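Letter by letter, the chains look like this.
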Amino acid sequence: MDHESAEAVPVPRLDVRVRNVGGTLTVAWGESVFELSETAGFLWKRVDGRRSLRELAGLLAGEYAVDPETALRDTLETMTALADGGLVRLR
Amino acid sequence: MRVDPSGHLAELAARGLLPEDHLAVYLAGSLVRGWGNSGSDLDVYVVSAAPRTAPSTALAPVALTPDHVPVEVVHVDGVRWDIEYWTDSQVDQMFAKVSWEEFDTNHSVADLLTSHEMDFLERLGSAVAVTGETWLAGRRTRLESSAIRSILVSRALNLSDLFVEDAVGQLKAGDVESAVLSAKLAFGYAVNALHVSCGEFGHSAKWRARRFRQVEQTIMPFEEYWAIETMRGYDPANPSAWVEDVVLACRRISMEVVI
């Protein structure tokens, strides 16, 4: 992973639909629907259009006690999938 | 201003408005909740085994059998009483509509309820029995175990989403004034969802602040709610910013309210 992509800031679409069904978050836009895992849900709640992927990964690493490199990889994977679905754009 | 339920049964009987086969008579609405004022109506519900056949002031349509609810209007000591006559069977039919089975299989389950039916179910929780306490308590227990909360939360969030989509589309099209109104509507529904999730039913916008004060929740403080409701942060020079803030507030509620 290059330094540049880790500094990207995910910005959610304003009109993303979100539901919390028994603690599990589902996010959707258009035909894209994602049922988020616990860690993906953790990240989604902290995507605010200001935090970079690296900063989000830092929060993930702290919360789930995983090494920073793994946390960054997971964060990038999650946000890339959401970006591909049109729910966030990486700025 | 609160209402004292004693004397209501005798008043109804004296006016020939109390069916012999009544199972319960109860009072509901703003006066019962202590939210009323000198101009408030009193909502009186009479539940019987058989339908009322006497001529009525009005018939409220419901999607049940029978397909209407007779309504009488009288004035007692300067207070208008709206008296609705429901049958026990109609109440059973409403509960069948808000079962978990219906919620799990029918995505439009909220559409099965007419506004009158919705009002009936919403008011059950805060009703005060004049007679038929056991009937009322049993129906409340059934309401608690029904899917009504999830149904109403889902409905409110769906409506909020629709207006968020409108607001975003209108912003994009440069129709900023419409976007402001859509965002305001979206927020209202999102707050309704928050209240219902806390067990505070009712969808009338005029009582939203009252309901907000009533619920215990950590998703949004009252001050933040009131600032948006009263558009305190709205800058006529930059209305888009207000719309975006409100949309984000709606999303936060959607994310935290558990269905």
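Just so it is clear, the structure is predicted and the values come from calculations on it, not from any experiment. Counting restarts for each chain: residues are numbered from 1 in the order of the written sequence. The naming scheme follows written order: chains are lettered A onward, ligands numbered 1 onward. Selection of residues for local features in this predicted model requires a pLDDT of at least 70, selection of side-chain atom pairs for listing and counting requires 80 or more, and totals for whole chains, interfaces and linings are taken over all residues. Excluded from the side-chain calculation are hydrogens and water; included are all heavy atoms of the structure.

Trainee: Explain the pairing of strand β3 (residues 24-29) of chain A residue by residue, including any values.
Mentor: All names here are of chain A. Here a strand pair is declared whenever DSSP counts at least two bridges between the two strands. The helix and strand labels rest on DSSP assignments: H or I over at least four residues marks a helix, E over at least two residues marks a strand, and numbering proceeds from the N terminus. Summarising the sheet, strand β2 (residues 17-21) and β3 pair through 5 bridges and their orientation is antiparallel. Within β3, the residue paired with V21 across the bridge is T24. Joining the antiparallel neighbours β2 and β3 is a turn of 2 residues, in which G22 adopts a positive phi near 60°. Examined bridge by bridge, β3 and strand β4 (residues 32-35) share 4 bridges and lie antiparallel to one another. Across the sheet, the residue bridging to A28 is V33, located in β4. In textbook terms, the turn of a hairpin is the stretch between consecutive antiparallel strands, and for β3 and β4 this stretch comprises 2 residues, one of which, G30, has a positive phi near 60°.

Trainee: I'd love a proper account of the environment of R208 of chain B, names of residues and values included.
Mentor: Residue and element names in this part refer to chain B. Relative to the helices and strands, R208 resides in helix α9 (residues 208-214). Of the residues examined, R208 reaches a relative accessible area of 10% and is grouped as buried. Along the primary structure R208 and N106 are separated by 102 residues, whereas in three dimensions their C-alpha atoms are 28 Å apart. Contact between two residues is taken to exist if any of their heavy atoms lie within 4.5 Å; hydrogens are not considered. Among residues more than four places away in sequence, those in contact with R208 are G188, V191, N192, H195, Y225 and E229. Summary of the burial criterion: residues with accessible area below 20% of their type's maximum are buried, those above 50% are exposed, and those between are partly exposed, where the area comes from a 1.4 Å probe applied to protein chains only.

Trainee: Give a detailed account of the domain arrangement of chain B, specifying residues and quantitative values.
Mentor: All names here are of chain B. What marks off one domain from the next here is an automatic or database domain assignment. With domains assigned, chain B is organised as domain 1 (8-146) and domain 2 (149-256). Between the C-alpha centres of domain 1 and domain 2 the distance comes to 29 Å. Taken together, the 16 residues of domain 1 in the interface contact 14 residues of domain 2. Accessible area that two parts lose when put together, evaluated with a 1.4 Å probe and summed over both, is termed the buried area. In total, domain 1 and domain 2 occlude about 1400 Å² of area from one another, counting both sides; carbon and sulfur atoms represent 64% of this. When residues of domain 1 are sorted by the area they lose upon contact with domain 2, W35, F103 and E122 head the list and together hold 46% of the total. Across the salt bridge formed by E200 and R33, the nearest N and O atoms sit 2.3 Å from each other. Side-chain atoms alone can form a polar contact between residues adjacent in sequence; in general such a contact is a pair of N or O atoms within 3.5 Å, and within protein one must be able to donate a hydrogen while the other accepts it. The tally of links between domain 1 and domain 2 comes to 2 residue pairs in polar contact (both at pLDDT 80 or more). Looking at the side of domain 1 that touches domain 2, the element that brings in the most residues is helix α5 (residues 115-124), giving 4 residues. Its residues assigned to classes, the side of domain 1 that touches domain 2 shows 9 nonpolar, 2 polar and 5 charged. Criterion for a salt bridge: a side-chain nitrogen of Lys or Arg within 4 Å of a carboxyl oxygen of Asp or Glu. Here the nonpolar group is Ala, Val, Leu, Ile, Met, Phe, Trp, Tyr, Cys and Pro; Asp, Glu, Lys and Arg are the charged ones; every other residue, Gly included, is treated as polar.

Trainee: Lay out the packing of α5 of chain B against helix α6 (residues 133-145) of chain B with the relevant residues and their values.
Mentor: Residues and elements named next belong to chain B. At their nearest, the axes of α5 and α6 sit 9 Å apart, and the two run at 105° to each other. The angle between α5 and α6 places the two elements in the roughly perpendicular class. Together, F120, L121 and L124 of α5 and W135, L136, R139, R140 and L143 of α6 make up the contact between the two elements. Every axis in this analysis is a line fitted to C-alpha atoms, fitted for helices over the stretch in contact. Angles between the N-to-C directions lie between 0 and 180 degrees. Just so you know how the angles are binned, under 35 degrees is roughly parallel, over 145 roughly antiparallel, 65 to 115 roughly perpendicular, and the rest oblique.

Trainee: Give me the lowdown on the sheet that holds strand β2 (residues 42-48) of chain B, citing residues and values where you can.
Mentor: Adjacent strands of a sheet form backbone hydrogen bonds with each other and so pair up, either parallel or antiparallel. Residue and element names in this part refer to chain B. Overall, mixed pairing links the 6 strands, which are arranged β3-β4-β5-β2-β1-β6 in an open sheet. At either margin of the open sheet sits one strand with a lone partner, and together these are β3 (58-61) and β6 (128-131). Direction aside, the axes of adjacent strands within the sheet are offset by 30° on average. Summarising the sheet, β2 and strand β5 (residues 79-87) pair through 7 bridges and their orientation is parallel.

Trainee: Can you break down α5 of chain B residue by residue, with the values?
Mentor: Two residues of an α-helix separated by three or four positions point the same way, owing to the 3.6 residues in each turn. Of the residues making up α5 of chain B, those classed as buried are E117, M118, F120, L121, E122 and L124 of chain B. Here the buried face of α5 of chain B lies against β1 (22-28), β2, β5, α3 (88-97), α6 and α7 (148-172) of chain B.

Trainee: I'd like a rundown of the side chain of S254 of chain B, residues and numbers included.
Mentor: Among the structural elements, S254 of chain B can be located in helix α11 (residues 239-256). Residue S254 of chain B is classed as buried on the basis of its relative accessible area, which comes to 3%. Setting aside anything within four residues of it in sequence, one finds S254 of chain B in contact with V18, R19 and N20 of chain A together with L157 and D161 of chain B.

Trainee: If you had to explain the interface of chain B and chain A to someone new, which residues and values would you point to?
Mentor: Where interface size is quoted, it is often the accessible area lost as the parts come together. At the junction of the two partners, chain B supplies 17 residues and chain A supplies 14 residues. Each partner contributes to the roughly 1400 Å² buried at the junction of chain B and chain A, and carbon and sulfur atoms together form 55% of this total. Of all residues in chain B, the largest losses of buried area upon contact with chain A belong to R251, M255 and I259 of chain B, amounting jointly to 42% of the total for that side. Where chain B meets chain A, there are 4 salt bridges. R17 of chain A is the partner of D161 of chain B in a salt bridge, and the nearest nitrogen-oxygen pair spans 3.7 Å. Between the two partners, chain B and chain A, sit 7 residue pairs in polar contact (both at pLDDT 80 or more). Residues belonging to the side of chain B that touches chain A are distributed by class as follows: 10 nonpolar, 2 polar and 5 charged.

Trainee: How would you summarise empty space enclosed by the protein if you had to cite specific residues and measurements?
Mentor: Here a cavity denotes grid points, spaced 1 Å and computed from the protein atoms alone, that fit a 1.4 Å probe unable to get out, and a pocket denotes an open set having protein on both sides within 12 Å along at least 5 of 7 lines; residues with an atom within 4 Å of a point are the lining. Grid points are joined across faces, edges and corners, and a volume is the space filled by probe spheres set on the points. Per the stated rule, a full pass over the model turns up 1 cavity of 30 Å³ or more. Each pocket or cavity is described by its volume, and for the largest cavity that value is around 60 Å³. Around the largest cavity sit L14, V16, R17 and V18 of chain A together with S160, D161, V164, C250, R251 and S254 of chain B, which together line it. The residue inventory of the lining of the largest cavity, partitioned by class, reads 5 nonpolar, 2 polar and 3 charged.

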